[in-house]
Amino acid sequence: MILSTVYYHQNERRIQAVMTEPTEPITVAVIGGGAAGFFAAVNLARFAHENGLDVAVTIFEASAKPLQKVFISGGGRCNVTHSCFDPVQLVQHYPRGSKALRSLFHRFQPQDTIDWFQQRGLTLKTEPDGRLFPVTDTSQDVIDVLMHEANQYDVTLNLRSRVTFIQKEDNGYSVTWQTSTQTESSQPFDKVILATGYSPVGWQMAQSLGHTILKPVPSLFPFKVDSPAIEGLQGISRKEIRGKLKLNTTQVEAVGDLLITHTGLSGPLIYRLSALAARPLAEMAYQADLILNLIPDNPQHELQRLLWHSCQTEWSKKQLKNVSFQNIPKRWWETLLRFSGLDPNLRGEEIPKKPLNRLAENLTSLTLSVIGKSPSKEEFVSCGGVALNEVDFKTMESKLNPGLYLGGEILDIDGLTGGFNFQACWSAGYVLAMAMADAISPNKNPSESTPA
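Quick caveat: nothing in here was measured; it's all calculated off a predicted structure. (Residues numbered from 1 in each chain as written. Predicted model: local features only at pLDDT ≥ 70, side-chain atom pairs only at ≥ 80, totals over all residues. Heavy atoms only, no water.)

## Some points on the sheet that holds strand β16 (residues 251-260)
Judged by pairing direction, the barrel is antiparallel, and its 6 strands sit side by side in the order β14-β17-β16-β15-β18-β19 before closing back on the first. In this sheet, neighbouring strand axes are inclined to one another by 50 degrees on average, regardless of whether the strands run parallel or antiparallel. Strand direction decides the pairing type here: β16 and strand β17 (residues 264-266), joined by 2 bridges, are antiparallel. For I260, the partnering residue across the bridge sits in β17 and is L265. Contacts from helix α11 (residues 330-339) reach β15 (237-246), β16 and β19 (366-373) within the one sheet, and its direction differs from that of β19 by about 105 degrees. (Pairing = 2+ DSSP bridges. Helix = DSSP H or I, 4+ residues; strand = E, 2+ residues; numbered from the N terminus. Axes fitted to C-alpha atoms, helices over the stretch in contact; angles between N-to-C directions. Contact = heavy atoms within 4.5 Å.)

In structure tokens, the structure reads:
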């Protein structure tokens, strides 16, 4: 390459031709085409383009399509993030990783995610529970924005390419992968981003590079429950129920909406409890006692008086099955009556006090036996992964392997439902991209710019 450099000396102008050798680009392999890996890749490529850096970014994705969890999440609508904009409050939605995430969220938080997609033509809308979705209610639109960004900044996307091995070399890493035809290839890279999500292969690769792996166990899953108190009631839901999960040495509590399924219980309340108790539940083979308070605003003793008074007054001539109480769905109300030893066909004036007290107890502390877990159709999140003390959360670089960066669910980080897991991916991917661009060119500092 010939560069012409112009020199000025007093009034004389002279041009000197300088011969330089062509330079090779910095090569970056992104292992995993999910939310964290893809977001890191496209932002790194953009930072490199805007700062004149010669960087070649390649994504390796084992499946035929990238961003599959983005596609199926939220029932195909994609719960992109959550409208919790205070990092101190935001980290409270992460049973594991909250301390480490605080620094990330101070640099890239949900409002930055909203702005990032907005600036690329995709507006997000906030639902009453704080979750944010595309205004189009289509997850494909999120994918289209990310794919357009990858195309615009020349990110290479290798699909059906399963990385099987990463070898640390003197000047970087050697990455080995297999294609769908079982053809094996290897290539040297200067830097590697490991973002394989919930993947035993990803954890094995991290472990082969010296990282500690905390045993992964499922988080965010429905409960299998077999009880006459919910038998035949699939599809019935109730808002703002308080739940308590009793474990061997402790208990966890949460409040949220509940959904009865054909195998047991689901909904935000159950997902929160399963996340908070992910590890002890796994140790107990997913068997525990679940106590539900269907009417959290009324103590049991007050409810007993209210039920007895109602039976003596406005319900005295009504069959109990025909009364409406605290907006409990009719079918569940009848089931709870029978479960408490009450005949739904009896009138209020015919009801003895003792079974009414039992009904009040079941309304405020309905005890059900959890006998297992059911896989979630919307998402699969894990508790466990790479130990967080082995990663520098200012850069997302491995403390053990310079040039190796980690992000997403490969780490021991998981959030509750509501867009929190995706936000951890967006934040890690963005901060990682800034840090890597800084490392590649210390004289150019993309981290000084605002998220865009």
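## Looking at α11
For α11, every residue scored as buried is listed here: W332, W333, E334, T335, L336 and L337. Where α11 is buried, its residues touch β15, β16, α10 (300-312), α12 (353-364) and β19. (Buried < 20%, exposed > 50% of the residue type's maximum accessible area, 1.4 Å probe, protein only.)

## Some words on the state of the cysteines
The tally for this structure, following the rule as stated, stands at 0 disulfides. Counting only cysteine sulfurs, C78 is the nearest neighbor of C425, a cysteine outside any disulfide, at a range of 11 Å. (Disulfide = S-S within 2.5 Å.)

## With respect to the layout of surface pockets
Considering only enclosed or pocket space, the second largest pocket measures out at about 170 Å³ in volume. Residue lining of the second largest pocket: A45, A48, H49, G52, L53, D54, V55, A56, V57, Q152, Y153 and D154, and that is the complete set. Elements represented by at least two residues in the lining of the second largest pocket include exactly α1 (35-50) and β4 (55-60). Looking at the lining of the second largest pocket residue by residue, the class counts come to 7 nonpolar, 3 polar and 2 charged. (1 Å grid on protein atoms, 1.4 Å probe; cavity = no way out; pocket = protein on both sides within 12 Å on 5 of 7 lines; lining within 4 Å. Points joined across faces, edges and corners; volume = space filled by probe spheres on them. Nonpolar A, V, L, I, M, F, W, Y, C, P; charged D, E, K, R; others polar.)

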